[in-house]
Protein chains: 2
Amino acid sequence: MTTPQTSWILSANDGHTHFPLQNLPYGIFSTAERAPRAGVAIGAMVLDLVVLDEAGLLPAAARGTFAHDTLNRFIALGQAVWRETRARLTALLAEGDVLLAGNAALRERALVPLSDATLHLPVEIPGYTDFYSSREHATNVGRMFRDPENALLPNWLEIPIGYNGRASSVVVSGTPLHRPNGQVKLPNEARPVFGPCRKLDYELEMGFIVGQTSALGEPIDVADAPAHMFGMVLLNDWSARDIQQWEYVPLGPFNSKSFGTSISPWIVTMEALAPFRRDNPAQMPEPLPYLRQQGPNAYDIALEVALQPAHASAATTVCRTNFRAMYWTMAQQLAHHTVSGCNVRVGDLMGSGTISGTTPDAFGSLLETTRNGAEPLTLADGTRRVFLEDGDEVVMTGWCQGEGYRVGFGEVAGKILPARTALA
Amino acid sequence: MTTPQTSWILSANDGHTHFPLQNLPYGIFSTAERAPRAGVAIGAMVLDLVVLDEAGLLPAAARGTFAHDTLNRFIALGQAVWRETRARLTALLAEGDVLLAGNAALRERALVPLSDATLHLPVEIPGYTDFYSSREHATNVGRMFRDPENALLPNWLEIPIGYNGRASSVVVSGTPLHRPNGQVKLPNEARPVFGPCRKLDYELEMGFIVGQTSALGEPIDVADAPAHMFGMVLLNDWSARDIQQWEYVPLGPFNSKSFGTSISPWIVTMEALAPFRRDNPAQMPEPLPYLRQQGPNAYDIALEVALQPAHASAATTVCRTNFRAMYWTMAQQLAHHTVSGCNVRVGDLMGSGTISGTTPDAFGSLLETTRNGAEPLTLADGTRRVFLEDGDEVVMTGWCQGEGYRVGFGEVAGKILPARTALA
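Residues numbered from 1 in each chain as written. Chains lettered and ligands numbered in written order. Predicted model: local features only at pLDDT ≥ 70, side-chain atom pairs only at ≥ 80, totals over all residues. Heavy atoms only, no water.

- Chain A goes by fumarylacetoacetase in an unreviewed UniProt entry, where it is assigned to Cupriavidus pampae.
- Reading the Pathway (unreviewed entry) entry of the UniProt record for chain A gives the comment "Amino-acid degradation; L-phenylalanine degradation; acetoacetate and fumarate from L-phenylalanine: step 6/6." (UniProt positions renumbered as here; feature names shortened; annotations may be inferred.)

This is the structure:
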């Protein structure tokens, strides 16, 4: 059987949309009339899964799991149900379908223009972990914050380094964030000062959503790890560099990150991403056995970051890179995370760490692009940036380029509001 | 009105029980016949709150919140309902009550011997944060892991340092844990080895449970922070020292902690702890304004750690200290946690950090007590310990000493099982 390529929803076939028939990402949406529920993006539309479920067109095993404000119940059903649902959705949306395309009343109820939909956080996130898996990023940061001669720490080539992030403040794309207040240590002052962050930054990341709960004490083998992933999102790990530099020793970043983390609203499934799986990066030294992978776990995902000041008429692309550049793979991250016995749960978010390429135009943070403020960036409207200003909007996007189509992630966008009046 | 002191449940009045009428801690319990539900410990009994609720004896505002396997719904009702419920429970259990004491059939259904009850994790924990607020502990650790001359890092006296822990692996007292496997760097080897932790440790901590959700972007003022706390538990932050030392730079502890964290099953409310509130510790330099507190936020809680090897006939007390010794208070921790705009949620667990006094017999971890293994500890049965061995059980306890009564936390206990077969 050939997988169908085109949909009877014409906006899915233009070659540029992020949401062709080959994608079918899951999200949570609401409209003026309807409370949050599960949907799938297709071209310029959202397909309401509750309507399809009630019409008996989705797998019986998934019955009732879509009428909620998170996808966790559906995801928890497991890989066989994800596959069956995807196959059913592909058939319903493919050119030639009659069950949905041929039923005008049902079609009318089941399809909502994306422009009429409000998108919500797609999952309840029980745990958020952020890794640090780009060699270029770790090297760039180490050079600026620590020792230029020994920028990469000795453990970095052995461990997919990660830390626990703050799940409560993960927000969906479009949620504005206030510039955080915090403690900053200025070089010429004996004591820290308290006030608005002066070095506010983005970090271009991707994240995967855990699709299967594991038991405490039972590691996930690296070979089994891919089956534990439901899908991926774009992630902006907003970072207050000045707060971070003062607070992070010895227990890691805390307030410099926990004021907000943004993710894209559509979860692109691992099944949709499968054609874009690529060979793993070379790793030297060869990792310890528990991190050695057989199959290819890298993914070819083009990524861009654009920055738009409050009064600028257009955004400027400030970074172009690719997820394939990461040193540690997601499978290695999950194997390492659980090798101690730590359990994971459905909906857990695992951030990749900042994705930086080898050249400044491929660096995934302003810290790196401007060398901690030393080399300002000039935007399209002529304004200059070292770090983010109030009113700036950061938009990240990403897609896999197929032949004549794109499996895309849409975008994760966020605008910076002024700091709240500082308490002191 | 005088607060009643004695209960018609005689085991609550012996002066030694941790659960007198003055305490009334909340937990989740099950029996052979009944699924997990909310209860209150009183003497040697558990009072079934579902039975009382169904009999109409609890506040209407709390109706229906006890018949669940976590306390989150009840806690989310807020301080006024906590107070009203406590007042009602105090009246029902006080000497002279007739509503419960005088109703034999109801009493029979509502009271379960503690020995017949299985205790569960009392709350669903959306986020777990662990602080590092004992000056003695931070100094001891800094001396061993970093620079003996500058043991306390410059930020420590300015910031209630903390990090995000792993909420998924928080378990209730009595849950055994496997010794974790992980990467360890031995001094004479070029590369790390993978295998069972060789320096397994406990950390004596307490934790508070957040009682009120806060909004993203809205800090909690230090003066308001106490009203956001529901109660406290004992906490054992199990730590794999050798894994920790290799992994923790630069993003903090990860696998060395995430294999398990144990808490005591009964949440002692802030209201029960109020008589034991004490003046704050002296802080020099004076903290930045957002951390300056008016009221007393320290608590006088005696703490002990006992260690019992697998075949020993008795446990040996290896630490005696007091929660009052902490430098940063819980109110300061919560104010700092949220000052960036980070939100907290009902059920969040905030660990104090290891509680160490000034002398070795008051150190809250074996790392400190044995000076990272240099000075073995001799237990009552003559065996020696530098770190934990398989089969060892660690039991932590704590109580506030009133006049003729104790408001106690019961215990948090955990036994170490052998490591699972290492993958490599």
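Past the structure itself, the notes keep going.
### Side note on the UniProt feature "domain: Fumarylacetoacetase N-terminal" (unreviewed entry) in chain A
Consideration 1: Within the UniProt annotation, "domain: Fumarylacetoacetase N-terminal" (unreviewed entry) is assigned to residues 22-122 of chain A.
Consideration 2: Secondary structure across residues 22-122 of chain A comprises 32% helix and 21% strand; the distance between its end C-alpha atoms is 20 Å. (Helix = DSSP H or I, 4+ residues; strand = E, 2+ residues; numbered from the N terminus.)

### A closer look at the sheet that holds strand β1 (residues 26-30) of chain A
Two pairing modes exist for strands in a sheet, parallel and antiparallel, and in both the strands are linked by backbone hydrogen bonds.
Residue and element names in this part refer to chain A.
Consideration 1: Across the sheet, 5 strands lie side by side as β4-β3-β2-β1-β5; this open sheet has antiparallel pairing. Pairing within the sheet leaves two strands with one partner each, and these edge strands are β4 (111-113) and β5 (118-120). Looking at each pair of strands side by side, their axes are set apart by 45 degrees on average, direction ignored.
Consideration 2: Bridge count between strand β3 (residues 45-48) and β4: 3 bridges; the pairing is antiparallel. Paired with M45 across the strands is P113, a residue of β4.
Consideration 3: Here helix α3 (residues 79-93) sits on the sheet in contact with β1, β2 (37-42) and β3, set at roughly 65 degrees to β1. (Pairing = 2+ DSSP bridges. Axes fitted to C-alpha atoms, helices over the stretch in contact; angles between N-to-C directions. Contact = heavy atoms within 4.5 Å.)

### Some details on helix α3 (residues 79-93) of chain B
Residue and element names in this part refer to chain B.
Consideration 1: Taking 1.5 Å per residue, 15 residues should reach 21 Å; α3 reaches 21 Å between its end C-alpha atoms and fits that length.
Consideration 2: Among all positions of α3, only V81, W82, T85, R86, L89, T90, L92 and L93 are buried. End-on, the buried residues of α3 take up no more than an arc of 165 degrees, which puts them together on one face. (Expected span 1.5 Å × (residues − 1). Buried < 20%, exposed > 50% of the residue type's maximum accessible area, 1.4 Å probe, protein only. Arc of directions from axis to C-beta.)

### Quick notes on the sheet that holds strand β25 (residues 393-401) of chain B
Residue and element names in this part refer to chain B.
Consideration 1: Here we have 5 strands laid out as an open sheet, ordered β9-β26-β25-β20-β21, and mixed in their pairing. Of all strands in the sheet, those bounded by a partner on one side alone are β9 (177-178) and β21 (316-322).
Consideration 2: Here strand β20 (residues 302-308) runs beside β25; their pairing, made up of 7 bridges, is antiparallel. Note on β25: the bridge partner recorded for A302 is W399.

### Looking at the UniProt feature "domain: Fumarylacetoacetase-like C-terminal" (unreviewed entry) in chain A
Consideration 1: Here, UniProt's "domain: Fumarylacetoacetase-like C-terminal" (unreviewed entry) annotation points to residues 128-398 of chain A.
Consideration 2: Secondary structure content for residues 128-398 of chain A is 14% helix and 28% strand, while the C-alpha to C-alpha distance between its ends is 21 Å.

### What to know about the interface of chain B and chain A
Consideration 1: Contacts between the two partners involve 66 residues from chain B and, on the opposite side, 66 residues from chain A.
Consideration 2: Buried area between chain B and chain A, both sides added, is near 5900 Å², and the carbon and sulfur share of it is 60%.
Consideration 3: Of all residues in chain B, B:R166, B:L251 and B:F254 give up the largest surface area on contact with chain A, accounting jointly for 14% of the area buried on that side.
Consideration 4: The closest approach of N and O atoms between A:R420 and B:E218, which form a salt bridge, is 3.9 Å.
Consideration 5: One can count 25 residue pairs in polar contact (both at pLDDT 80 or more) joining chain B with chain A.
Consideration 6: Of the residues that constitute the side of chain B that touches chain A, the class distribution is 36 nonpolar, 18 polar and 12 charged. (Buried area = accessible area lost by both parts, 1.4 Å probe. Salt bridge = Lys/Arg side-chain N within 4 Å of Asp/Glu carboxyl O. Polar contact = N/O pair within 3.5 Å; in protein donor to acceptor, adjacent residues only side chain to side chain. Nonpolar A, V, L, I, M, F, W, Y, C, P; charged D, E, K, R; others polar.)

### Let's talk about unusual backbone geometry
Consideration 1: In this model, A:V249 is joined to A:P250 through a cis peptide bond whose omega is 5 degrees.
Consideration 2: Looking at where A:P250 falls in the secondary structure, it is placed in the loop between α6 (241-247) and α7 (255-258).
Consideration 3: Positive phi outside glycine occurs at B:L24, with the angle close to 60 degrees.
Consideration 4: Turning to its location among the elements, B:L24 is positioned in the segment before β1 (26-30).
Consideration 5: Look at B:R371: it is not a glycine, yet its phi comes out positive at around 50 degrees.
Consideration 6: Along the chain, B:R371 falls in the loop between α10 (366-369) and β23 (377-378).
Consideration 7: Residue B:R371 is classed as partly exposed on the basis of its relative accessible area of 49%.

### Some points on the confidence of the model for chain A
Consideration 1: Residues with a pLDDT of 70 or more make up 99% of chain A, whose mean pLDDT is 96.
Consideration 2: Among the scores for the predicted complex, ipTM is 0.97 and pTM is 0.97. (pLDDT = per-residue confidence, 0-100.)

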